[in-house]
Amino acid sequence: MPRQVDVAIIGAGTAGLTAIKEIKNLTKNYLLIDRGPLGTTCSRVGCMPSKVLLQVAHDLSRVKVLKALNIYQGDGTIDLSEAMKHVRKLRDYFVNFAVEEIKEMGDHFIQAEASFLSPGRLKLDNGEEVEAKAIIIATGSSPVIPKEWDKFKDRIVTTDSLFELKTLDKSWAVIGMGPLGLEMGQAMALLGCDVHGFDKNPMLGGLKDEIVHSEALRSLQKSFPIHLKADVKLSRIGSKIRVSWGDQHRDVDRILAAVGRKANVGSLNLKAARCPLDEKSLPVFDPDTMKVKDAAIFLAGDMDGQKMVLHEAADDGRIAGFNALQEHPIRFKRKVKIGITFSSPNLCTVGQSLKDIKEPVAIGEVSFTKQGRSVIMDENEGMLRVYADKKTGLILGAELAAPSGEHLAHLLAHAIGQKQKVQELLRFPFYHPTVEEGLRTALRKAKKQLYCKVDPGPDLDRCDA
Ligand SMILES: Cc1cc2nc3c(=O)[nH]c(=O)nc-3n(C[C@H](O)[C@H](O)[C@H](O)COP(=O)(O)OP(=O)(O)OC[C@H]3O[C@@H](n4cnc5c(N)ncnc54)[C@H](O)[C@@H]3O)c2cc1C
């Protein structure tokens, strides 16, 4: 006799756990299923351990700044195995929160792998069966390793295994210069490893604005050589792996494969769910309701193959959880797009890309080379470009490679979300000396290009207006 529940959630990651927060308001009869290891991708192998390693690397680079100025007189020796221990210690700290949350669920949680038997029925690998009025698939994603690299697996790590290394090898090829590859490549380079980065694409870190990209590349190349448009081939040379591209090659101790992630759907037997599948064999769904077409199935998180970032996974979970038991699912507007690579400088994309904007566009830009606070921080690199509708001044998007860019990106995302115009955002305070003053410069330049009438004079509201 299958266990009967209102909602079954497959996957106790960020999306699944967030879905439960909404489901609890609707029913007490729900079941969360996860095959383990528990603790969420974010905490175990994702956002958190990667940012700990980056933090250590950036802190060390601050020490190097002081050393170059003769202010710090130490010899700068570092212990990489201690760095990796620190990563794991903080990782365990974060994982523990998620594991505790799951433990507190008691009978609402089963550790097992789930697959579909029929549209509303799941088989668990512990022999149990579950029948649910609605099923949320929140099974996450996993790193891709190209098939042809199978024979080099002993020398290849992904972000799933990187943080388990006791220490970091001397020489590395990081293949894939998206956010994950860039962050880890720069971290290892700043920690003293000999790192080369490769990508077959012409642009890195998800940037689309060629001007911002060329500034980003110039700056990042100071940490480690980056080879773009490089379609690499691997071969074995003794204990090393030879990475060949064009007529060049480099022999390295280890490869970090950061070439993308794929949805975890292989073990789900989706055919039995009898829902329509797209060309990537993922269920066809509405991103505003998270509901799969013609089925009482909802998707949430990385597995939907859309934006693989944490806050989107959490929003997916909220929407799926809320809609799971609604007679007519409610459509929710998705938030302003934002992407951050936590390299130095931060690379950020916000709202629409320049290529996507149809309206005549005003582009305000600022270089951080001479920007006051950035100079003080010794991080005076990069460029910000903000895009606004020339006719109205409405802020539409931005790309930046900037010191503290993560904060600028949030400010811009909130402004776009509130439908602010360039001339309106300028009326808010910009404290001195901050990196935000750079954004003000860019906004002022955009304002000058607007077709619409803007009040002359200072960027302040008039008392009699
Ligand atoms: C190195 C790295 C750095 C990152 N950095 C950032 C960052 O800085 N900022 C950001 O926003 N995002 C970042 N991300 C992305 C972010 O971590 C993910 O978007 C998010 O964790 C996805 O959550 P999820 O719930 O979809 O999946 P997960 O947390 O992976 O949860 C899926 C769960 O499903 C379970 N499961 C799978 N199949 C089955 C099955 N058949 N039966 C039962 N259980 C199953 C798995 O065991 C897993 O526990 C990073 C990712 C990585 C890898």
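Novice: Sorry if this is basic, but what is going on with the sheet that holds strand β9 (residues 171-175) here?
Specialist: Sheets are built from strands that pair by backbone hydrogen bonding, the pairs being arranged parallel or antiparallel. Taken together, 5 strands build an open sheet; the order of strands is β8-β15-β9-β10-β11 and the sheet is parallel. Edge strands, defined here as strands with exactly one partner in the open sheet, are β8 (156-157) and β11 (226-227). Here strand β10 (residues 194-198) runs beside β11; their pairing, made up of 2 bridges, is parallel. Residue pairing across strands places F198 opposite H227, the latter belonging to β11. Taken strand by strand, helix α6 (residues 179-190) contacts β9, β10, β11 and β15 (254-257), and its axis lies near 165° from that of β9.

Novice: I keep staring at unusual backbone geometry and nothing clicks. Help me out?
Specialist: Excluding glycine, a negative phi dihedral is what most residues carry, and trans is how most peptide bonds are arranged. For the bond from G36 to P37, the omega torsion is 0°, close enough to zero to count as cis. With respect to the secondary-structure elements, P37 resides in the loop between β2 (30-34) and α2 (41-44). Cis geometry is adopted by the peptide bond preceding P345, which originates at S344 and carries an omega value of 0°. Mapped onto the elements, P345 comes out in the loop between β18 (338-341) and β19 (346-351). Positive phi is not limited to glycine here, since S404 has a value of about 50°. Here S404 lies in the loop between β22 (395-402) and α10 (405-417). Exposure remark for S404: the relative accessible area of 26% places this residue in the partly exposed category. Its identity is not glycine, yet K419 carries a phi of approximately 55°, on the positive side. Within the secondary structure, K419 sits in the loop between α10 and α11 (422-425). A relative accessible area of 60% means that K419 is categorised as exposed.

Novice: Would you explain the pattern of salt bridges in this entry?
Specialist: Here the structure, examined in full by the defined rule, presents 33 salt bridges. With a closest N to O distance of 2.8 Å, D6 and K133 form a salt bridge. Here D6, found in strand β1 (residues 3-10), pairs with K133, found in strand β6 (residues 129-137); they are 127 residues apart in sequence, far enough to count as distant. Judged by its relative accessible area of 15%, D6 falls in the buried class. Taking the shortest distance from any N to any O, the salt bridge between K222 and E381 comes out at 2.8 Å. With K222 in the loop between α7 (210-220) and β11 and E381 in the loop between α9 (372-376) and β21 (383-389), this residue pair connects regions lying 159 residues apart in the sequence. Residues participating in the shared-partner salt-bridge network are K307, E312, D316 and R334.

Novice: I tried to follow the domain arrangement of the chain on my own but got confused; where do I start?
Specialist: In many reports, interface size means the accessible area that the parts give up when they come together. Here the chain is described as being made up of domain 1 (3-143 + 262-323), domain 2 (147-259) and domain 3 (338-447). Put simply, the middle of domain 1 and the middle of domain 2, counted by C-alpha atoms, are 26 Å apart. Facing the 20 residues of domain 1 at the interface are 16 residues of domain 2. Buried surface at the junction of domain 1 and domain 2, summed over both partners, amounts to about 1,800 Å²; 67% is from carbon and sulfur atoms. Along the contact surface separating domain 1 from domain 2 lie 2 salt bridges. With a closest N to O distance of 2.7 Å, E183 and K51 form a salt bridge.

Novice: What is the right way to look at the packing of aromatic side chains in this model?
Specialist: The geometry of an aromatic ring pair is captured by two quantities: the separation of the ring centres and the angle between the planes. Using the criterion set out here, one finds 4 aromatic pairs in the structure. Taking the centre distance of 5.2 Å and the plane angle of 75° together, the rings of Y93 and F94 count as edge-to-face. Among the residues examined, F94 registers a relative accessible area of 22% and is labelled partly exposed. An angle of 80° between the planes, with centres 5.1 Å apart, marks the rings of Y93 and F97 as edge-to-face. In this pair, Y93 and F97 both sit in helix α4 (residues 80-103), 4 residues apart, roughly one turn of the helix. What makes Y93 partly exposed here is its relative accessible area of 47%. Feature note: the residues Y93, F94 and F97 constitute an aromatic cluster, connected by ring pairs.

Definitions and cut-offs
Residues numbered from 1 in each chain as written. Predicted model: local features only at pLDDT ≥ 70, side-chain atom pairs only at ≥ 80, totals over all residues. Heavy atoms only, no water. Pairing = 2+ DSSP bridges. Helix = DSSP H or I, 4+ residues; strand = E, 2+ residues; numbered from the N terminus. Contact = heavy atoms within 4.5 Å. Axes fitted to C-alpha atoms, helices over the stretch in contact; angles between N-to-C directions. Buried < 20%, exposed > 50% of the residue type's maximum accessible area, 1.4 Å probe, protein only. Salt bridge = Lys/Arg side-chain N within 4 Å of Asp/Glu carboxyl O. Domains from an automatic or database assignment. Buried area = accessible area lost by both parts, 1.4 Å probe. Phe/Tyr/Trp six-rings, centres within 6.5 Å; stacked < 30°, edge-to-face > 60°.

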